[in-house]
Amino acid sequence: MKNRWLVNIILFVFILSISLFLYLKPSQKKIAKQFEVSTFKLKDFDAVRIDFPSRASIVFKKNKDTWDMLEPIKSRADEFLVQKIISIVATTSSEKLPSNDKIKYGLDKPTVKVKLLHKGSEEEFIFGTYNSITEDQYLLYKNNVYLVSGVYSEAASTLVVEFIDKFLLSKSEQIKEFDFSRLEQWKSKRLKVTRINAEWKANDGNSLNQDEMAEWFDMTWFKNRAKSVEKYSLDFKIPYKSFDIYTVEGKKITFIRVQESPEMLLYRVDEGLLYHFGSDIGFTMLTPPIEQPKK
């Protein structure tokens, strides 16, 4: 009986030793080599040009910390989408192939070309067909062909109107005052609200709750993006109601309320753009929380 127990203990120790060895043994699995497409950083570039075989080119230019679209529409650009296009410089590829057979990779008839400007020099990225197995896309850059995710060419192929920044104001346009006095709901109060050192003040006869005003401003103006934006030719003969916003630099920006329902449509006069908002959030944007006077 003793011998049997001894054998079992030896077998147990043997099996445990093998298990520990297999568990602690370094993995022999080889990690696939990745090739950097470039050594540039996103911040290195200050202009972008996107060329297509059968539609107008799109051109972006950096303006301090923001981006503007110069062609085919002049407007502020969606910074996230532009950065997504430029991020091609930071991607890697499992393949780095010679570019002596462009037809094989669809690079003789590219779907899109992205040109990034860096201190006067131009870096060109040419997108070809997709690999049928990996579903990655062939990319030509500096005489080498890479396999990269298709998200970069898809971002570059975004519809032009989607590149327009959906915020009513740019980062540099810091709000100092709202003048709602011409809107019918505020005509009797001649409402104006001013922001000084993060504190809100209203014109005579109107009382404000600071917490409610801070929440209103944050929700409806600071973080609120339009559902969509479009270039628009407004008929100024129609007597629309309007309001003004003044920035801390003293700039006056006029908005025209084109429609309230089923959408709130606000037209920014200096940009010629029409912004679409849901009717509920649109109503709240033009209705700061003014306290009722005590009786």
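Residues numbered from 1 in each chain as written. Predicted model: local features only at pLDDT ≥ 70, side-chain atom pairs only at ≥ 80, totals over all residues. Heavy atoms only, no water.

Draft legend 1. Fine view of the overall build of the protein chain. Scanning the protein chain from N- to C-terminus turns up five helices and 21 strands. Burial statistics for the protein chain: of 295 residues in total, 41% are counted as buried. Of all intrachain contacts in the protein chain linking residues separated by at least 6 positions in sequence, the fraction that spans at least 24 positions is 55%. Total accessible area computed for the protein chain in this model is approximately 18100 Å², and 55% of it derives from carbon and sulfur atoms. (Helix = DSSP H or I, 4+ residues; strand = E, 2+ residues; numbered from the N terminus. Buried < 20%, exposed > 50% of the residue type's maximum accessible area, 1.4 Å probe, protein only. Contact = heavy atoms within 4.5 Å. Areas by Shrake-Rupley, 256 points an atom, 1.4 Å probe, with all protein chains shown as cover.)

Draft legend 2. Layout of the layout of surface pockets. Of the voids in this model, the largest pocket is the one considered here, and its volume is about 510 Å³. Lining of the largest pocket is provided by 25 residues; of these, Phe167, Leu169, Ser170, Lys171 and Phe222 occupy positions nearest its centre. Listed by contribution, the elements that provide at least two residues to the lining of the largest pocket are strand 4 (66–71), helix 2 (79–86) and helix 4 (210–222). Per element, the largest residue contribution to the lining of the largest pocket is four residues, and it comes from helix 4. Of the residues belonging to the lining of the largest pocket, the class tally is 12 nonpolar, five polar and eight charged. Put simply, the second largest pocket is a space of about 260 Å³. Lining the second largest pocket are 14 residues; nearest its centre among them are Asn63, Thr66, Arg76, Ser170 and Ser172. Taken together, the residues that form the lining of the second largest pocket break down as no nonpolar, four polar and 10 charged. (1 Å grid on protein atoms, 1.4 Å probe; cavity = no way out; pocket = protein on both sides within 12 Å on 5 of 7 lines; lining within 4 Å. Points joined across faces, edges and corners; volume = space filled by probe spheres on them. Nonpolar A, V, L, I, M, F, W, Y, C, P; charged D, E, K, R; others polar.)

Draft legend 3. Representation of unusual backbone geometry within the structure. Note the cis peptide between glutamate 71 and proline 72, where omega equals -5 degrees. Structurally, proline 72 can be placed in the loop between strand 4 and strand 5 (75–76). Note that the residue after serine 261, namely proline 262, is joined by a cis bond; omega there is 0 degrees. In this fold, proline 262 is placed in the loop between strand 18 (252–259) and strand 19 (263–268). Despite not being glycine, asparagine 143 has its phi angle at roughly 65 degrees, a positive value. Mapped onto the fold, asparagine 143 is located in the loop between strand 10 (137–141) and strand 11 (144–148). The class for asparagine 143 is exposed, based on a relative accessible area of 62%. For asparagine 197, which is not glycine, the phi torsion reads 55 degrees and is therefore positive. When you line up the elements, asparagine 197 lands in the loop between strand 13 (192–196) and strand 14 (199–202).

Draft legend 4. Inspection of the sheet that holds strand 18 at higher detail. As summarised here, the arrangement of the eight strands in space is 14-13-12-17-18-19-20-16, forming an open sheet in which the pairing is antiparallel. Every other strand in the sheet has two partners, leaving strand 14 and strand 16 (228–231) as the edge strands with one partner each. In this sheet, neighbouring strand axes are inclined to one another by 25 degrees on average, regardless of whether the strands run parallel or antiparallel. Sheet topology places strand 17 (residues 241–247) next to strand 18; six bridges connect them, and they run antiparallel. Its bridge partner lying in strand 18, lysine 241 is registered against arginine 257. (Pairing = 2+ DSSP bridges. Axes fitted to C-alpha atoms, helices over the stretch in contact; angles between N-to-C directions.)

Draft legend 5. Structural context of the packing of aromatic side chains. Under the counting rule described, the total for this entry stands at 15 aromatic pairs. An angle of 65 degrees between the planes, with centres 5.3 Å apart, marks the rings of phenylalanine 178 and tryptophan 216 as edge-to-face. Remark: tryptophan 216 occurs in helix 4 and phenylalanine 178 occurs in strand 12 (residues 175–179); sequence separation between them is 38 residues. Arranged with centres 5.0 Å apart and planes meeting at 55 degrees, the rings of phenylalanine 178 and tryptophan 221 form a pair that is tilted. One end of the pair, phenylalanine 178, is in strand 12; the other, tryptophan 221, is in helix 4, with 43 residues separating them in the sequence. For the pair formed by phenylalanine 178 and tryptophan 221, the shared burial category is buried. Stacked on the ring of phenylalanine 52, the Lys or Arg arginine 55 has its end atom at 3.9 Å from the ring centre. (Phe/Tyr/Trp six-rings, centres within 6.5 Å; stacked < 30°, edge-to-face > 60°. Lys NZ or Arg CZ within 6 Å of the ring centre and 35° of its normal.)

Draft legend 6. Geometry of the side chain of aspartate 179. As for its placement among the helices and strands, aspartate 179 is situated in strand 12. Notably, aspartate 179 is buried but unbridged: the nearest opposite-charge side chain belongs to lysine 192, and the N-O separation is 4.1 Å. Separated by 2.6 Å, the side chains of aspartate 179 and serine 181 make a polar contact. Apart from the residues lying within four places of it in its own chain, the contact partners of aspartate 179 are Leu191, Lys192, Phe243, Asp244 and Tyr246. (Lys, Arg positive; Asp, Glu negative; His and termini not counted. Salt bridge = Lys/Arg side-chain N within 4 Å of Asp/Glu carboxyl O. Polar contact = N/O pair within 3.5 Å; in protein donor to acceptor, adjacent residues only side chain to side chain.)

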